[in-house]
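# Analysis of the macromolecular model
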Amino acid sequence: MFRRLFSAIELPQADRRLSKLPDPPDESKRAQASAIDRITPQNEQFIRTYHPAFEMAPDVFVRKITLEDSVWAVHPSHIRDCSYYRKRNDVAGRVVHGAGASSTVRMALAGFQSKLKAEGSINTRKILSEGEIMAIREQFPEAIGLRIFVAGYLTVLFKSVADLKNVAYRPWPSELGNLKVQLEVWNDRPCTDGGNAMQLGLRLVGTFEIGEESREMEVITVVTNDFVTTPELSSTVASYVSPRTMHGLLSPFRTLAGNVKGVAQWSTKMAAGYAAVGKEVTSTDGSAKIGTIVKSYDEISMLLPFPYGYQHNMSIIAGDGLAHANLPTGSPCLSGFASFEDALADGAAVFTVQHIPGAETIVRKSLVEGQQYTWDSSVVARSLLWRTKDDAVAVGTGTGML
């Protein structure tokens, strides 16, 4: 029964779905569609049918954000597979965005979703207010976050299939703020191979609690996941037991293990492989030691997968040879920081810069697809979601910035 309900892929309807014209494509029609640089009601369907960016797309939608701001929306898998998007992000002057999550749960029972709708519209080019976030959290108490996609989709994120099922088996709104709602298990898995490659963050000076001592020191932040190994939870187990429940079941055994001498020593030795503290941080090529991780703000589990235990995904390194970050030669000086809404705006010029010392600096024009919010009991973290034109190629190691 579970397999029948949760095996399908859902692509909710955007504002307007464009159907194809009956005539088959040919080289003349493709060339004509590719040459169009201004969209009108008369040529829109022609573009959808014969343009190389859309010809093989199962569905193409148009999302109107404001009276003067419309975007194309196609399934994310089509963007990944179509070579056109490795060079361009627009068709006939209108930007193409992914239609929400690449895969999400679709309920097979007709009429199962409720018809509740949030009052007022959510503008996908604006950040959510605290009140909007709280209202969504109250609607989905099991959720750990959400994503708002420019193309008009709101994806609610859950840690496990078990948590998602708790929501899916009760009435839930198919739309919120005029955005189509999707439910998705958060399957993001960052690099957690226990390595020591350099991924440096901010340089800070201040007083830090290291163990039971307070120290005045200079540190550099790093992401925790680059320096630890975290397990993968069996998909079968995850379907029936949430990480939160498993943590509660395992807690008594961890306490017992800590009180048994031999088991406690084994447990401490095993935990060292899953902890960031004490690990050396080196340059990307391994030629220079940057420092040692002296404190982590996360409590990584030996049994439960990412993101369990990653309260902040941040650790700090200290040492005598802390690196001084310098912009690559020829890079413009940073004079300030833009807001999220600047990056989300229609026509925003956004670039990613990848700089590896001793190697070529790579600059890619990027398209902001939306925004992500994740939370615990009291803290809400915000981030942007973007893709580059040639994101079919792995970025590889090295520091980067948006």
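Structure: see above.
If you're wondering where the values come from, they're calculated on a predicted model, not measured in any experiment.

## Describing the overall build of the protein
Within the protein, the secondary structure is distributed over ten helices and 18 strands. With 402 residues in all, the protein has 43% of them scored as buried. Total accessible area on the protein stands at roughly 21,800 Å², and carbon and sulfur atoms take up 54% of it.

## What about the side chain of Arg125?
Locating Arg125 in the fold gives a position in the loop between strand 5 (94–98) and helix 5 (130–139). Among the polar contacts made by the side chain of Arg125, one reaches the side chain of Asp69 at a distance of 2.5 Å. A polar contact is formed between the side chain of Arg125 and the backbone oxygen of Leu344, at a distance of 2.7 Å. Excluding its chain neighbours within four sequence positions, the residues that come into contact with Arg125 are Ile65, Asp69, Val71, His97, Val150, Glu341, Leu344, Ala345 and Asp346.

## Structural notes on the pairing of strand 7 (residues 153–158)
In terms of burial, strand 7 is a largely internal element, six of the six residues being buried. Note: strand 6 (residues 145–149) against strand 7, five bridges, orientation antiparallel. Across the sheet, residue Leu146 finds its bridge partner in strand 7, namely Val156. Taking the residues that link successive antiparallel strands as the turn, the strand 6-strand 7 hairpin has three residues, and the phi of Gly152 there is positive, at about 105°. Of the strand pairs in this sheet, strand 7 and strand 9 (residues 179–185) are connected by six bridges, and their pairing is parallel. Across the sheet, Leu154 pairs through a bridge with Val181, a residue of strand 9.

## Brief notes about the packing of aromatic side chains
Applying the stated criterion across every chain, the model contains three aromatic pairs. Positioned over the ring face of Tyr50 is Lys29, at 5.8 Å from the centre of the ring. Above the face of the Trp72 ring, Arg94 is positioned so that its terminal group lies 4.5 Å from the ring centre.

Parameters and conventions
Residues numbered from 1 in each chain as written. Predicted model: local features only at pLDDT ≥ 70, side-chain atom pairs only at ≥ 80, totals over all residues. Heavy atoms only, no water. Helix = DSSP H or I, 4+ residues; strand = E, 2+ residues; numbered from the N terminus. Buried < 20%, exposed > 50% of the residue type's maximum accessible area, 1.4 Å probe, protein only. Areas by Shrake-Rupley, 256 points an atom, 1.4 Å probe, with all protein chains shown as cover. Polar contact = N/O pair within 3.5 Å; in protein donor to acceptor, adjacent residues only side chain to side chain. Contact = heavy atoms within 4.5 Å. Pairing = 2+ DSSP bridges. Phe/Tyr/Trp six-rings, centres within 6.5 Å; stacked < 30°, edge-to-face > 60°. Lys NZ or Arg CZ within 6 Å of the ring centre and 35° of its normal.

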